[in-house]
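Tertiary structure, described
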Amino acid sequence: MKRKNIVAVVGRPNVGKSTLFNAVAGKNISIVEDTPGVTRDRIYQDVEWLNYNFTLVDTGGIEPDTNDTILAQMRDQAEIAIETADVIIFMCDVKQGLTDADSQVADMLRKSRKPVVLCVNKVDSFKRDSMDVYEFYNLGIGEPFPISAANKQGIGDLLEEVTKNFTASDADEEEDDSIRVAVIGKPNVGKSSIINRLCGENRLIVSDVAGTTRDAIDTEVKYNGKKYTFIDTAGLRRKNKVKEKLEEYMILRTVTAVERADVAVIVINADEGVTEQDAKIAGIAHDRGKGVIIAVNKWDLIEKDNKTVNEFTKDVRTTLSFMPYAEIIFISAETGQRLVKLYDMIDAVSENHAMRVATGVLNEIMMQAVVMQQPPSDKGKMLKLYYITQAAVKPPTFVIFVNDKKLMHFSYTRYIENQIRASFGFKGTPLKFIIRERNNDKTTKK
Ligand code: GDP
Ligand code: GDP
């Protein structure tokens, strides 16, 4: 499993963190599509640079306590970066020079032994400012990379250095044959209770996974002869209660956990109903193409009649309309209701997420679909679908070759998706479609 690296930018206010963030997101990079109906956090962004895919985090978006001193805020932000990121960009400002706060945060970062790339911003003229860059060697965290975020200069070199520190893919996770599950959700929805219940006596090891870049605690469990890894999320660790209340921190922890998982169990509190914040959390799993189960927990607290399940399901489907494929289950970590079924569902969703369909069968389905519903046309030109093949799993990704990409409306792709789902289900997993143009002479072009 290939996991996206997480890169966090740390630095004093006004050094230019968000300017860099925007420059990176806006320039060489295609921003991953927004999920409709989900408010995006400005704090992280999935980016693509050259052949690298990573998640960029602006820790400046985290405001721990506005009454705190700048140094205290920076410490909190640095701590969060150390905890969640694979590589940290530490940003200073050549105009303000080296400050005491910079030195103290640099010490913290150095001690963490996380890869840190030092960047000195506002070097708008290298000729004029280069001498001033040298003093940043004094921080003792390596060579400073001069950039001008505003003028988009030096960013390529900086990112190149950053990507040198990437773990290609965590070898230990590669070899891991267990089903990797992230249990995510707002605070107090019952994440830890669910994991405790699911694990029970089946728990194999509870330890820091040695050698991983991440400071995470995974719980491994054997159940019915299968191995599961429950990935730590904010709810599991009560190390720093104050920080956990921060929404941005919770979001970052969720991103990190989901990135490492195959299946995300999104926990919703039945007693509260489904909320916008739940949608935001669900959007993280959706964007990352994970298998998804929505677990409505604390079901024991609800007074039910024969309509309750349907009504609740409708609410969930409406608020989380961007993931119609998600499975829904009503559980209680308190009474243990349907937790065995949750295990079955995790198995099924994980299988669907990794399912491969033979090309021959796919093409049969597509041709049949085309016969049943004529493809759209524009100004006399009709969409032709030549060929479909599954290019990847986790999530299942299909490439459709057509005569003209512009004619392939979203609704027709959705129609093909529905035909594939009608045959294979693919319950609980998103499906990805890539539309490619192919000339009549059968050469492919982009
Ligand atoms: P943040 O608080 O670290 O996110 O800093 P911002 O990105 O908001 O930038 C703070 C100020 O520095 C803004 O007025 C920016 O326009 C300015 N700034 C950012 N990058 C550069 C740069 O490369 N050169 C110059 N001269 N100004 C910059
Ligand atoms: P987390 O912050 O999401 O990990 O939530 P916890 O697992 O710590 O649970 C928060 C509170 O909800 C605790 O007091 C739990 O005892 C309670 N709780 C969790 N699951 C259930 C449930 O299914 N039913 C009821 N009634 N309470 C629950």
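Thresholds, definitions, all that
- Residues numbered from 1 in each chain as written.
- Chains lettered and ligands numbered in written order.
- Predicted model: local features only at pLDDT ≥ 70, side-chain atom pairs only at ≥ 80, totals over all residues.
- Heavy atoms only, no water.
- pLDDT = per-residue confidence, 0-100.
- Contact = heavy atoms within 4.5 Å.
- Helix = DSSP H or I, 4+ residues; strand = E, 2+ residues; numbered from the N terminus.
- Buried < 20%, exposed > 50% of the residue type's maximum accessible area, 1.4 Å probe, protein only.
- Near = heavy atom within 4 Å.
- Polar contact = N/O pair within 3.5 Å; in protein donor to acceptor, adjacent residues only side chain to side chain.
- Areas by Shrake-Rupley, 256 points an atom, 1.4 Å probe, with all protein chains shown as cover.
- Nonpolar A, V, L, I, M, F, W, Y, C, P; charged D, E, K, R; others polar.
- Pairing = 2+ DSSP bridges.
- Right-handed = clockwise from strand over helix to strand, strands pointing away.
- Core = buried A, V, L, I, M, F, W, Y, C linked by side-chain atoms within 4.5 Å.
- Domains from an automatic or database assignment.
- Patch = residues over 30% accessible without salt bridge, like charges linked within 9 Å, V, L, I, M, F, W, Y side chains within 5 Å.
- Salt bridge = Lys/Arg side-chain N within 4 Å of Asp/Glu carboxyl O.
- Axes fitted to C-alpha atoms, helices over the stretch in contact; angles between N-to-C directions.
- Phe/Tyr/Trp six-rings, centres within 6.5 Å; stacked < 30°, edge-to-face > 60°.

1. Remarks on the confidence of the model for the chain
Here the chain averages 85 in pLDDT, and 84% of its residues register 70 or above. Confidence drops under pLDDT 50 across residues 27-33; counting only partners more than four residues distant or on other chains, this segment forms 14 contacts. Every residue in residues 205-216 scores below 50 in pLDDT, and together they form 29 contacts with partners more than four places removed in sequence or on other chains.

2. Considering unusual backbone geometry
Cis rather than trans, the peptide bond between Lys394 and Pro395 has omega equal to 0°. On the secondary structure map, Pro395 appears in the loop between strand E16 (385-392) and strand E17 (397-402). The phi dihedral of Lys298 falls on the positive side, at around 65°, and the residue is not glycine. We note that Arg338 has phi near 60°; this positive angle belongs to a residue other than glycine. Look at Arg338 and you get partly exposed, because its relative accessible area is 32%.

3. A look at the site of ligand 1
Around ligand 1 lies a shell of 15 residues, among which Asn14, Lys17, Ser18, Thr19 and Asp124 are the nearest. A distance of 3.2 Å separates an oxygen atom of ligand 1 from a polar atom in the side chain of Ser148. Out of a free accessible area of 580 Å², ligand 1 has 68% covered by protein chains. Examining the composition of the shell around ligand 1, we find that three residues originate from one element, helix H1 (residues 17-26), more than from any other. Within the shell around ligand 1, the residues separate by chemical class into four nonpolar, six polar and five charged.

4. Here's the deal with the site of ligand 2
If you check the shell around ligand 2, you find 17 residues, and the closest are Asn188, Lys191, Ser192, Ser193 and Asp300. Gly190 is positioned with one of its backbone polar atoms (N or O) 2.9 Å from an oxygen atom of ligand 2. Side-chain polar atom of Ser332 to an oxygen atom of ligand 2: 3.2 Å apart, as the coordinates give it. Taking 580 Å² as the accessible area of ligand 2 by itself, protein coverage stands at 76%.

5. A word on the pairing of strand E4 (residues 87-93)
Successive side chains on a regular strand alternate, one facing one side of the sheet and the next facing the other. Burial of E4 is extensive: seven of the seven residues sit out of reach of the surface. Alignment of strand E1 (residues 5-11) against E4, held across five bridges, turns out to be parallel. The residue bridging Val9 from the neighbouring strand is Ile89, located in E4. With helix H3 (residues 100-112) bridging E4 and the parallel strand E5 (residues 116-121), this β-α-β connection has right-handed handedness.

6. Side note on the nonpolar core
Counting 65 residues, the largest nonpolar core has Phe90, Ile294, Val296, Leu320 and Met323 as the members making the most contacts within it. In terms of residue count, the dominant contributor to this core is helix H9 (residues 247-259) (seven residues). Split by domain, the residues of this core number at least three in each of domain 1 (5-164) and domain 2 (171-353). Leave out the neighbours within four places in its chain, and Leu320 touches Ile268, Val274, Asp278, Ala279, Ala282 and Ile294. Grouped together as the second largest cluster of nonpolar side chains are 26 residues, Val181, Ile329, Ile331 and Ile346 included.

7. Looking at the environment of Arg356
With respect to the secondary-structure elements, Arg356 resides in the loop between helix H12 (339-353) and helix H13 (359-372). Spatially, the C-alpha atoms of Arg356 and Gln390 are 7.0 Å apart, while their sequence positions differ by 34 residues. If we ignore the near neighbours within four places in the chain, the residues touching Arg356 are Gln390 and Val393.

8. Looking at the environment of Asp107
Structurally, the position occupied by Asp107 is in helix H3. The exposure class of Asp107 is partly exposed, given its relative accessible area of 29%. Between the C-alpha atoms of Asp107 and Leu139, which are 32 residues apart in sequence, the distance is 7.8 Å.

9. Description of a nonpolar patch on the surface
Taken together, Met131, Tyr134 and Tyr137 make up a surface patch of nonpolar side chains, about 380 Å² in accessible area. What makes Tyr137 partly exposed here is its relative accessible area of 43%.

10. Some words on the sheet that holds E5
The sheet built from six strands is open, its strands ordered E2-E3-E1-E4-E5-E6 with mixed pairing. Each edge of the sheet is formed by a strand with only one pairing partner; in this case those strands are strand E2 (44-49) and strand E6 (145-146). Sheet topology note: the E1/strand E3 (residues 52-58) ladder contains five bridges and is parallel. Across the sheet, residue Ile6 finds its bridge partner in E3, namely Thr55. Sitting on the sheet, H9 is in contact with E1, E2 and E3, with an inclination near 40° to E2.

11. Observations concerning the packing of aromatic side chains
Tallied over the full model, the rule gives 14 aromatic pairs. Consider the rings of Tyr52 and Phe166, whose centres lie 5.8 Å apart with planes at 75°: the pair is edge-to-face. With Tyr52 in strand E3 and Phe166 in the loop between helix H5 (155-164) and helix H6 (171-175), this residue pair connects regions lying 114 residues apart in the sequence. Between Trp299 and Phe312 the ring centres are 5.6 Å apart and the planes differ by 90°, which places this aromatic pair in the edge-to-face class. Of this pair, Trp299 sits in the loop between strand E12 (291-297) and helix H11 (308-319) while Phe312 sits in helix H11, and the two are 13 residues apart along the sequence. For the pair Trp299 and Phe312, a shared accessibility class is recorded, and that class is buried.

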